[in-house]
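Descriptive structure summary
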Amino acid sequence: EGFHDKASQQFVCFTEDGGAIVTQSEANRSTILGYLQPSLLERGGKVVLSKVLANMPSISSTSFSSLKPESCFKPGTGYSYQIMNTQPEHGEVKVPVGLVLLRPDNSENEKLPLIVVPHGGPHTCMSTAFVPSYGFLCKHGRYAVLHVNFRGSTGFGQAALESLAGNAGSLDVLDVVAATRAVIDAGIADPDRVGICGGSHGGFLAGHCIGQHPDIFKVAAMRNPCTNVATMVTATDIPDWCYVESLGSGRYNFSDFRAPSKEELGIMWDKSPIAHLAHVKAPTLMALGMKDRRVPPSQGIEYYHALRAKEVPTKLLVYEDCDHAIDLVVSEADFWVNTKQWFDQHL
């Protein structure tokens, strides 16, 4: 049927004639690889001249009744992965929440400590691609590592992607909780040893999870997290994230700048991890890139001092030369070594 605006498209590359190669995915259908003509890339162009190049085989899901690790990487890496789905009952758009679970070798008969990892974005996804940091935690810490593609992630259809707008801090949080409980119920993870780790929107979700569900998530590690949308909206280079994810689509005219109203600031605060601070008891590691313009360091500093005031065990890592990603070689290595040590100590 070709491309349409109710599915999720992802750019792959430009072609020599100025067109584009893209993939399209939607719930319960195989991904397709297609070509868009140059005229379609002009502003306001409609997808009327497209061509499907290939139907790509879908990735089969592993049911919880038959969890058999399937090696994704070459032998000797020290861990394997599983792809799973879980279908939460909440939410208006009923699509599966996709999970990628890393398990250390020879752990089939163990209930492992679990580190839950919601991705950043939020409109991206976590695949089975090799990521050294999570392989490090899995192999050398013997943690099960659970990546959660909550609704709002790419790859599950446009309706699911857009359903997060206006529901950040609730729909995505419930998806992460449902995924965590599914893995616990499958007998894979120790319910008393569950931590959470995330950066950016993933850090936003980590803060929400330890505040809204303190009895599930016992430890947290955050990188440049948004903790208070109301104080971030006028200091970030992506104010659109603050408006859309808190208020919903269509609530802000981006061609006519204005400051947020008193009512809007109240809604943003309600959608923030800081609103649930009173319930936090998980030891929390905070890492900040001091040149971050996306999520200003003040977000993490505010949350760090709030935790200290509550006498919650916390540690602050400051990287003066890093921006949002904290991806300089020395800084990235330092953060992940500290993260493993933090989970080793508190989980």
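Structure's up top.
Residues numbered from 1 in each chain as written. Predicted model: local features only at pLDDT ≥ 70, side-chain atom pairs only at ≥ 80, totals over all residues. Heavy atoms only, no water.

Here the focus is the overall build of the protein. Of regular secondary structure, the protein possesses 9 helices and 12 strands. Evaluated residue by residue, the protein yields a buried proportion of 51% over its 347 residues. A sequence separation of at least 24 residues applies to 66% of the contacts in the protein between residues at least 6 apart. (Helix = DSSP H or I, 4+ residues; strand = E, 2+ residues; numbered from the N terminus. Buried < 20%, exposed > 50% of the residue type's maximum accessible area, 1.4 Å probe, protein only. Contact = heavy atoms within 4.5 Å.)

This paragraph deals with the packing of aromatic side chains. The description of an aromatic ring pair rests on the distance of the ring centres and on the angle between the ring planes. Throughout the structure, instances matching the rule amount to 5 aromatic pairs. Arranged with centres 5.3 Å apart and planes meeting at 75°, the rings of Tyr134 and Trp336 form a pair that is edge-to-face. With Tyr134 in helix 1 (residues 132-141) and Trp336 in helix 9 (residues 329-346), the pair connects residues that are 202 residues apart, well separated along the chain. Note on Tyr134: relative accessible area 9%, which makes it buried. One aromatic cluster is present, built from ring pairs that chain together Tyr134, Phe335 and Trp336. (Phe/Tyr/Trp six-rings, centres within 6.5 Å; stacked < 30°, edge-to-face > 60°.)

Moving on, we come to the side chain of Asp292. Inspection of the secondary structure assignment puts Asp292 in the loop between strand 11 (284-289) and helix 8 (297-309). At 6.0 Å, Arg294 is the nearest oppositely charged side chain to Asp292, a buried residue that forms no salt bridge. Side-chain polar atoms of Asp292 contact the backbone nitrogen of Arg294, separated by 2.8 Å. Setting aside residues no more than four positions away along its own chain, Asp292 makes contact with Asn224, Pro297, Cys322, Asp323 and His324. (Lys, Arg positive; Asp, Glu negative; His and termini not counted. Salt bridge = Lys/Arg side-chain N within 4 Å of Asp/Glu carboxyl O. Polar contact = N/O pair within 3.5 Å; in protein donor to acceptor, adjacent residues only side chain to side chain.)

By the definition in use, this model includes 6 salt bridges. Close ionic contact of Asp215 with Lys281 constitutes a salt bridge, the shortest N to O distance being 3.0 Å. Taken as a pair, Asp215 in the loop between helix 4 (201-212) and strand 10 (219-223) and Lys281 in the loop between helix 7 (262-270) and strand 11 lie far apart in primary sequence, 66 residues in all. Per residue, the accessibility class of Asp215 equals that of Lys281, and both read exposed.

Coordinates in, geometry out; function isn't part of it.
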